[in-house]
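# Descriptive analysis of the structure
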2 protein chains.
Amino acid sequence: MLYCRIPAESEANMQKITEITSRDNPAVRHYIRLRDRKKTRYAENLFVAEGLRIVLDALQYPCLVQQVFVTESAWEKYAESIQQAMQETGQCFRIPDAVGKNMTDTEHTQGVFAVCRIPEQKLQIDSRKKYLVLYQLQDPGNMGMILRTGDALGVHGILMAQCCDLYSPKVIRATMGSVFRVPVLELPDAPELLALLHQHQICSYASVPSAQALPLTECPLGTGSAVWIGNEGNGLPEDVIHSCRHAVTIPMKGGAESLNAAMAAGILMWEMMKS
Amino acid sequence: MLYCRIPAESEANMQKITEITSRDNPAVRHYIRLRDRKKTRYAENLFVAEGLRIVLDALQYPCLVQQVFVTESAWEKYAESIQQAMQETGQCFRIPDAVGKNMTDTEHTQGVFAVCRIPEQKLQIDSRKKYLVLYQLQDPGNMGMILRTGDALGVHGILMAQCCDLYSPKVIRATMGSVFRVPVLELPDAPELLALLHQHQICSYASVPSAQALPLTECPLGTGSAVWIGNEGNGLPEDVIHSCRHAVTIPMKGGAESLNAAMAAGILMWEMMKS
């Protein structure tokens, strides 16, 4: 055990750091299991985050962070900011750079890792608010970019069903910390989503790449709206489209047949949130 | 040499197919050099494209396609559509699946590859049109997504300087074929871009993540506009921002500090092109 003192701070800011030397340390092995296995993540209600910025973001919600791992090289650079952010919550491990290479999911790791608790789903649907719904979205990069964009544009919540795992390392990285800020609600399937939105008088708009649908330019996505985005390859299923109040489309003027799903979600959220 | 006949077509549609058996075949080695080396691409004015959809897109501009490679497995599935699209232009090689695995830049290849000519830059600036300018953008995925989005939304051209290579395999794949459709002009640096736009009375808008800039909701991006997007990490340099007529920003309502560069470009192009 080492005790490090942050300059000019009280005893309360002294942070315990545990040294780990082996890649076979149970905490390291646990991190790697959480990184690689969705089943473990949901059994333990934990997920992993990697990178200085996202770990500092996580530490703003202290009850969400269980453990922080910092490589020796990263400790030299970031010790002060990590210690200040930790405020005695969670465990902090210092690890050899070689162990960081085992733990990383990226090519060039910053050497900062955290085990975080999956937050409780607290999204309360409100008939005056505006939502995004993701159905069968499968690409982690798209999912992460959508969360980041929804956070930036101020969407009131993201509902989802049958998507890729929100807590996989790729999604978490692409969210750039927005996973800790955007209210999310996951339900088993489309009927449950439709029923919940209907119950709260939220009007569902299915986004489709079809010239027959209502052009976004003529479609008021006012209070009490939810825009649905479907799978990258197949879009939304016909029955879901028919269960939504309207089908809306981003008019295509050029040669491309469709927009990337994340880009379509971004433009729809922009139109919905800007007013 | 094999000669294959497309059903119910004339002699003119007979397509020569050359069999390649070795990964050391000069055409295969040439493909791999073009895939891996920017220098070779620009020395020979050629680049590579992989995937059925993008190769079929390329074949709509026959003078752009020099060679097509199809693996045996892909030939069984796609021979007819490839032969119809080829219309006697370019060379067609059939290769063993194992050689396709050497040529691919992806995890799961479709087994369809092409060597394409870099198109001449024909973008004519017109004072009544609308453009996107990319300056020091470095991520190939962003670059590709921006081209695809610009194509879909009908932007009149994309100008760029000091960006990642537009003809790298990652960019080409992410464009989903839009690289063959969107007019692009590459210049050495910002002063040349600014001078060209100024000369044609195009008003430049620097996009910045700053609350001091003009909010996009109050900014008419009318005819004769060009929106500038900067580097993913650093944005646009101060001198470029000052050389633009206005600084415009996408208002941030939530906790995320900024949008991904491709997403910002997409929302800006949407606002510019929708009217």
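Summary of the structure given here. (Residues numbered from 1 in each chain as written. Chains lettered and ligands numbered in written order. Predicted model: local features only at pLDDT ≥ 70, side-chain atom pairs only at ≥ 80, totals over all residues. Heavy atoms only, no water.)

### Some thoughts on the packing of helix H10 (residues 261–274) of chain A against helix H10 (residues 261–273) of chain B
Put simply, the rule reads: Here, axes are lines fitted to C-alpha atoms. For helices the fit covers the stretch in contact, and angles between N-to-C directions go from 0 to 180 degrees. Strands here are runs of E lasting at least two residues and helices are runs of H or I lasting at least four, both read from the DSSP assignment and numbered beginning at the N terminus. Any angle between 65 and 115 degrees counts as roughly perpendicular, while under 35 counts as roughly parallel, over 145 as roughly antiparallel, and the rest as oblique. Crossing handedness is read from the near helix: turned anticlockwise from the far helix by less than a right angle, it gives a left-handed crossing, and turned clockwise, a right-handed one. In what follows, a contact means two residues having at least one pair of non-hydrogen atoms within 4.5 Å. Residues are grouped as follows: Ala, Val, Leu, Ile, Met, Phe, Trp, Tyr, Cys and Pro are nonpolar; Asp, Glu, Lys and Arg are charged; every other residue, Gly included, is polar.
In the contact formed by H10 of chain A and H10 of chain B, the axes pass within 9 Å of each other and the chain directions differ by 55°. When the axis of H10 of chain A is compared with that of H10 of chain B, the two are oblique. Note that H10 of chain A runs across H10 of chain B; the crossing there is right-handed. Contacts between H10 of chain A and H10 of chain B involve Ala-262, Met-263, Gly-266, Ile-267, Trp-270, Glu-271 and Lys-274 of chain A from the first element and Ala-262, Met-263, Gly-266, Ile-267, Trp-270 and Glu-271 of chain B from the second. Taken together, the residues that form the contact of H10 of chain A with H10 of chain B break down as 8 nonpolar, 2 polar and 3 charged.

### Observations regarding the sheet that holds strand E12 (residues 225–229) of chain A
All names here are of chain A. Note the cut-off: In this scheme, strands are said to pair when DSSP sees at least two bridges between them.
One open sheet holds the 7 strands; their spatial order is E9-E8-E7-E12-E10-E13-E11, and the pairing between them is parallel. The open sheet has two edge strands, strand E9 (184–186) and strand E11 (214–215), and neither has a second partner. Across 2 bridges, E11 lies against strand E13 (residues 246–249) in parallel orientation. In the strand pairing of E13, Leu-214 is matched with Val-248. Taken strand by strand, helix H8 (residues 190–199) contacts strand E7 (130–135), strand E8 (158–161), E9, strand E10 (203–207) and E12, and its axis lies near 150° from that of E8.

### As for H8 of chain A
Residue and element names in this part refer to chain A. We apply this condition: Buried means the residue's accessible area, taken with a 1.4 Å probe over protein chains only, is under 20% of the maximum for its type, while exposed means over 50%, and partly exposed covers the values in between. Note that the arc is defined by the directions from the helix axis to the C-beta atoms.
Looking at H8, one finds that the buried residues are Ala-190, Leu-193, Leu-194, Leu-196 and Leu-197. On an axial view of H8, the arc spanned by its buried residues comes to 165°, and they lie on one face. Turned more than 90 degrees off the buried face of H8, the exposed positions are Pro-191, His-198 and Gln-199. Contacts from the buried residues of H8 go to E7, E8, E9, E10, E12 and helix H9 (238–243). Backbone geometry just downstream of H8 places Gln-201 in the positive-phi region, at approximately 55°.

### Re the interface of chain B and chain A
Applied cut-off: By buried area we mean the combined loss of accessible area, with a 1.4 Å probe, across both parts when two parts are placed together. Between Lys or Arg on one side and Asp or Glu on the other, a salt bridge is scored when a side-chain nitrogen of the former is within 4 Å of a carboxyl oxygen of the latter. N or O atoms closer than or at 3.5 Å make up a polar contact, with two conditions inside protein: a donor-capable atom paired with an acceptor-capable one, and, for residues adjacent in sequence, both atoms drawn from side chains.
Every contact between the two is made by 32 residues of chain B and, on the other side, 32 residues of chain A. Both faces combined, the contact of chain B with chain A buries some 2,700 Å², and carbon together with sulfur accounts for 62% of it. Taken together, the connections running from chain B to chain A amount to 2 salt bridges. Linking chain B with chain A are 12 residue pairs in polar contact (both at pLDDT 80 or more). Counting only elements with at least two residues in the side of chain B that touches chain A, the list comes to helix H6 (140–153) and H10 of chain B.

### Digging into the nonpolar core
What counts is decided by this rule: Nonpolar core, defined: a set of buried Ala, Val, Leu, Ile, Met, Phe, Trp, Tyr and Cys residues in which side-chain atoms within 4.5 Å join the residues together.
In this structure, Leu-132, Leu-134 and Met-143 of chain A together with Leu-132, Leu-134, Met-143 and Ile-158 of chain B are the most contacted members of the largest nonpolar core, which totals 136 residues. In contact with Leu-132 of chain B, other than residues within four places in its own chain, are Ile-146, Val-155, Gly-157, Ile-158, Leu-159, Val-227, Ile-229, Ala-265 and Met-269 of chain B.

### Section: the packing of helix H3 (residues 52–59) of chain A against helix H4 (residues 72–86) of chain A
Residue and element names in this part refer to chain A. For the pair H3 and H4, interaxial distance at closest approach is 9 Å and the crossing angle is 20°. If you check the angle between H3 and H4, you find them roughly parallel. Pair H3 / H4 crosses with left-handed handedness. Contact with H3, carried on its side by Leu-52, Leu-56 and Leu-59, involves Tyr-78, Ser-81, Ile-82, Ala-85 and Met-86 of H4 and no other residues of that element. Of the residues contributing to the contact of H3 with H4, the split by class is 7 nonpolar, 1 polar and no charged.

### Quick notes on the relation of the copies chain B and chain A
Rule in force here: Here the copies were fitted onto each other by least squares, based on C-alpha atoms from residues at pLDDT of at least 70 in both.
Aligned on chain A, chain B shows an RMSD of 0.0 Å; the corresponding rotation is 180° and the shift along the axis is 0.0 Å. Here the two chains are linked by the operation of a two-fold rotation axis. A shared binding surface is used by both copies, with 100% of the interface residues of chain B retained as interface residues in chain A.

### Focus on the side chain of Asp-57 of chain B
Residues and elements named next belong to chain B. Along the polypeptide, Asp-57 turns up in helix H3 (residues 52–59). Looking at Asp-57, the relative accessible area reads 8%, which means it is buried. Ignoring anything within four residues of it in the chain, the contact list for Asp-57 reads Met-176, Gly-177, Phe-180 and Arg-181.

### Regarding H10 of chain A
All names here are of chain A. Convention followed: In a helix, the anticipated span is given by 1.5 Å times the number of residues less one.
For H10, built from 14 residues, the straight-helix expectation of 20 Å at 1.5 Å per residue is met to within 8% by its first-to-last C-alpha distance of 20 Å. Counted residue by residue, H10 has 13 buried out of 14 residues, so it is predominantly covered. Where H10 begins, one side-chain oxygen reaches toward the backbone nitrogen of Ala-262, 2.7 Å away; that side chain belongs to Asn-260.

### Some points on the sheet that holds strand E9 (residues 184–186) of chain B
Residue and element names in this part refer to chain B. Read across the sheet, 7 strands follow the order E9-E8-E7-E12-E10-E13-E11 without closing on themselves; strand pairing throughout is parallel. Two strands bound the open sheet, and with one partner strand each, they are E9 and strand E11 (214–215). Against the sheet, helix H8 (residues 190–199) makes contact with strand E7 (130–135), strand E8 (158–161), E9, strand E10 (203–207) and strand E12 (225–229), and its axis sits at roughly 150° relative to E8, the strand it touches most.

### Description of the packing of aromatic side chains
Residues and elements named next belong to chain B. To keep it simple, the criterion reads: Planes of paired rings set the category: under 30 degrees apart is stacked, over 60 is edge-to-face and the rest tilted, where pairs are Phe, Tyr or Trp rings (Trp by its six-membered ring) whose centres lie within 6.5 Å.
Enumeration over the complete set of coordinates arrives at 16 aromatic pairs over all chains. Aromatic side chains Phe-47 and Tyr-167 sit 4.8 Å apart centroid to centroid with 45° between the ring planes, which places their arrangement in the tilted category. Here the residue Phe-47 occupies a position in strand E3 (residues 46–50), and Tyr-167 occupies one in the loop between E8 and helix H7 (169–175), the gap between them amounting to 120 residues. On the accessibility criterion, Tyr-167 (6% relative accessible area) is buried.

### Structural notes on the pairing of E10 of chain A
Residue and element names in this part refer to chain A. Within E10, 5 of the 5 residues are buried, which leaves the element mostly enclosed by the surrounding structure. Burial along E10 is two-sided: Cys-203, Tyr-205 and Ser-207 and Ser-204 and Ala-206, pointing in opposite directions, are all buried. The pairing of E10 with E12 spans 4 bridges and is parallel. Note that in E12 the partner of Ser-204 across the bridge is Ala-226.

### A word on the pairing of E13 of chain A
One ladder, built from 3 bridges, connects E10 of chain A with E13 of chain A; its direction is parallel. Pairing of Tyr-205 of chain A across the sheet is with His-246 of chain A, part of E13 of chain A.

### What to know about the environment of Glu-50 of chain A
Residue and element names in this part refer to chain A. Mapping Glu-50 onto the fold places it in strand E3 (residues 46–50). In this structure Glu-50 comes out as buried when scored by relative accessible area, which is 15%. Once residues lying within four places of it in the same chain are set aside, the contact partners of Glu-50 are Tyr-31, Met-103, Thr-104, Asp-105, Thr-106, Thr-109, Val-112 and Phe-113. Of the polar contacts made by the side chain of Glu-50, one reaches the side chain of Thr-106; its length is 3.4 Å. Looking at Glu-50, its side chain comes within polar contact range of the side chain of Thr-109, at 2.8 Å.

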